[in-house]
Amino acid sequence: MSKTIEVTSPFDGRVVGEVPFNSTEEVQAAIDLAHTTFLDHKNALPKYKRVEILEKVVQIMSSQVEELTILCASEGGKPYMDSKVEVQRAINGVKLAIEHLGAFEGKEIAMGHTASSANRMAYTFKEPIGVVAAISAFNHPFNLAVHQVVPAIAVGCPVVIKPATATPMSAIRLVEILEEAGLPKGWAQAVVCGREGGELLATSPKVNFLTFIGSGAVGWYLNSKVANGTRVALEHGGVAPVIVEKDADIDDLIPSIGKGGFYHAGQVCVSVQRVYVHESICEEVATKLATYASKLIVGDQLDPKTEVGPLINHNEVNRVEEWVNEAVEKGGKILTGGKRISDSCFEPTVILNPADDALVSTKEVFGPVVVIYSYSDIEEAFDRANSLEVSFQAAVFTKNIDTALRAVKRLNGTTVMVNDHTAFRVDWMPFGGAKASGLGLGGIHHSMEEMSNEKMMVIKSPVL
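Residues numbered from 1 in each chain as written. Predicted model: local features only at pLDDT ≥ 70, side-chain atom pairs only at ≥ 80, totals over all residues. Heavy atoms only, no water.

**Student:** Would you mind going over the sheet that holds strand E8 (residues 209-213) with me for this structure?
**Tutor:** Two pairing modes exist for strands in a sheet, parallel and antiparallel, and in both the strands are linked by backbone hydrogen bonds. Read from one edge to the other, the open sheet built from six strands follows the order E7-E6-E5-E8-E9-E19, with strand pairing classed as mixed. Two strands in the sheet have a free side with no partner beyond their single neighbour: strand E7 (188-190) and strand E19 (438-439). Bridge count for E8 against strand E9 (residues 231-235) is five bridges, and the pairing is parallel. Paired with phenylalanine 209 across the two strands is arginine 231, which belongs to E9. Strands in contact with helix H5 (residues 141-155) are strand E5 (132-135), strand E6 (159-162), E7 and E8; relative to E6, the strand with the most contacts, it is inclined by about 170°. (Pairing = 2+ DSSP bridges. Helix = DSSP H or I, 4+ residues; strand = E, 2+ residues; numbered from the N terminus. Contact = heavy atoms within 4.5 Å. Axes fitted to C-alpha atoms, helices over the stretch in contact; angles between N-to-C directions.)

**Student:** Before we go on, may I ask you to explain the pairing of E6 in this structure?
**Tutor:** Two faces, one strand: in a regular strand the side chains alternate between the faces of the sheet. Of the two faces of E6, the one holding Val159 and Ile161 and the one holding Val160 and Lys162 are both buried throughout. Since E5 and E6 lie parallel, the crossover through H5 that links them has a hand, and here it is right-handed. Pairing geometry for E6 and E7, over three bridges, is parallel. If you follow isoleucine 161 over to E7, its bridge partner there is alanine 190. Crossover E6 to E7 through helix H6 (residues 169-180) is right-handed. (Buried < 20%, exposed > 50% of the residue type's maximum accessible area, 1.4 Å probe, protein only. Right-handed = clockwise from strand over helix to strand, strands pointing away.)

**Student:** Help me out: how do you make sense of the packing of aromatic side chains in this one?
**Tutor:** Two measures describe an aromatic ring pair: the distance that separates the ring centres and the angle between the ring planes. As enumerated under the stated definition, the model contains three aromatic pairs in all. The aromatic ring of phenylalanine 104 is capped on one face by lysine 126, whose charged end is 4.6 Å from the ring centroid. Over the ring of phenylalanine 431 we find arginine 425; its NZ or CZ atom is 3.8 Å from the centre of that ring. (Phe/Tyr/Trp six-rings, centres within 6.5 Å; stacked < 30°, edge-to-face > 60°. Lys NZ or Arg CZ within 6 Å of the ring centre and 35° of its normal.)

**Student:** What should I look at first to understand the pattern of salt bridges in this one?
**Tutor:** For the coordinates displayed, the defined rule picks out 24 salt bridges. As a salt-bridge pair, aspartate 427 and arginine 89 come within 2.7 Å of each other at their nearest N and O atoms. One end of the pair, aspartate 427, is in the loop between strand E17 (415-418) and strand E18 (434-435); the other, arginine 89, is in helix H4 (residues 80-101), with 338 residues separating them in the sequence. Note on aspartate 427: relative accessible area 3%, which makes it buried. Of the charged contacts, one joins aspartate 343 and arginine 340 as a salt bridge, the two residues approaching to 3.8 Å between their closest N and O atoms. Overall, aspartate 343 belongs to the partly exposed group, its relative accessible area being 47%. Given a relative accessible area of 26%, arginine 340 falls into the partly exposed group. Look at the salt bridges and you will find they share partners, linking Glu379, Asp383, Arg406 and Arg410 into a network. (Salt bridge = Lys/Arg side-chain N within 4 Å of Asp/Glu carboxyl O.)

**Student:** Which parts of the structure should I look at to understand the sheet that holds strand E12 (residues 333-336)?
**Tutor:** Strands sit in the order E12-E13-E14-E11-E10-E16-E17 across an open sheet of seven strands; the sheet is mixed. Taken across any chain shown, the strands that pair with only one partner, and hence form the sheet edges, are E12 and E17. For this sheet the average axis-to-axis angle between neighbouring strands, irrespective of direction, equals 25°. Across five bridges, strand E11 (residues 274-278) lies against strand E14 (residues 369-375) in parallel orientation. Of the residues in E14, the one forming a bridge with valine 277 is serine 374. Contacts between helix H10 (residues 282-294) and the sheet are confined to E11, E12, strand E13 (349-352) and E14, with E14 contributing the most and set at about 170° to the helix.

Any link to function would need more than the numbers given here.
Below, the structure is given as C-alpha cells:
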C-alpha cells in the first residue's frame, strides 16, 4: 500500500489534494512495466492509433479547461489568468504533436556517385528511442508534463514522469486523460517520489532518454550518472539579460519587461532579471517600471484579478528577501517593493544598480525581482550581460536594425528577442539553454526528434 502526501496551495496552505507517494520499489516497477511495454512489439501502437488517442486527448482537455485551470493554479500558485493560458497552450501542444507526425520522416541518402556506392539506394526512417524518463518542475505543472509526455507517446515511446512533489496533480491528471483517451496501461505512468526514486528513474539502464526540467545542480548531477547510451535533455535556468538602448520605445517596453519579469512571480526559467539601460534614459525607464510593478495585484492565485501570485513555498520567500537585502547592502536602491507581503507572497520589486557581484546580479532569483543597471557604452552592456556561466534567452530593445543585429550576434543566448521580453515562448519553437543552462532543445517538434532514432536501410541490387 503506497503512502500518500497532501498537496497544498502555496498561497494559504490549504489542502487541495492527496496523491500516492511511491517507494523506490514502485518506481522500479513502473520502469519495468514501461520497458516490457516497449519490448512488446506485437502490441506496439501504430501511428494512426497514436493519432486517434491524441485527438481524443485534445477533445477531453478542451472540455475541461476550467477544471484543469483551477487544478494548475491551486497546486502551483500561478494566477488563474495565466494558468488558463497554460492549459490552452497544453492543448495546442498536443495538436502540434499530431501535426508533426505528418512530417516525421526520414530522407534519401545519396548513393551511386562513387564506384563503391554503385547499385545501391539508401533511405532513413524514424524509430522510437525506447523508454523515456521525465523529471518535471513545479512552475508550469500541466504544460511541462505535456511537453515531456506527449512527444514520447506521439513517436511510440512509453514514458514515466516524475512531477515535482509540490505540484504532482497536473501530471497525474494528464496520465489519466491519456488513459481515458484509450492509451493502454504501461505507456504513460506518473510516479511521485523522493530524490532516491528520482535518481533511480533517471539512471536506470532500462531508460533510453532522460528529459529533465529543474535546477542545474540536480540536472548536471543526473547527467553524470545516467546509464551508458542514455540520451539526455536538460532544461535549467538563466539570469536573463535585457539591453535597452537610448532609442528604444519606452512606453512599449515597460509593459513587456514588466510582464516578462513578474509573470508567475518571476518563477520562470527565462524570466526578465537583469536589465541594462543606457544612462540617458535609465532614470525614466527605472521609474516607469517601478510604477508598473507597484500597481500589480498580488494575492490568491485563484482570484481572477490576481496578477502576481505566491512563491512556491515559504522558504523561497525567505530566500528572495535575503537576496534583496544583500542587494541593498551592495549598493542597490529599492525603487518599489523589497519586502514580503506575507509568508507566501513577496512584493514585485525593482532594484537599481546593485553591484555586479550581488546575488541578484549573478544567480537566478526565481522571484518577483527585476534589476536595472545603467551603462554608457553598449559593448560594456554586452560584456556584463555575458559575464555569467548561464546562457538561455536574452533580449534587446532598439529601433535601430544595426544595433539589433549587433546585439543578436553579441549576446550569449540560444534565443535573442528584439523588442520583446525574454520570457516569450511558443511551443513549436526550439527552446533550451546552453552552457550551464542546459543541454539539447525542447519544444514539441524538437522533443519528438530527440525521442527517436534514425535508422538507415541500404539496398543493393544489380538493376539499380
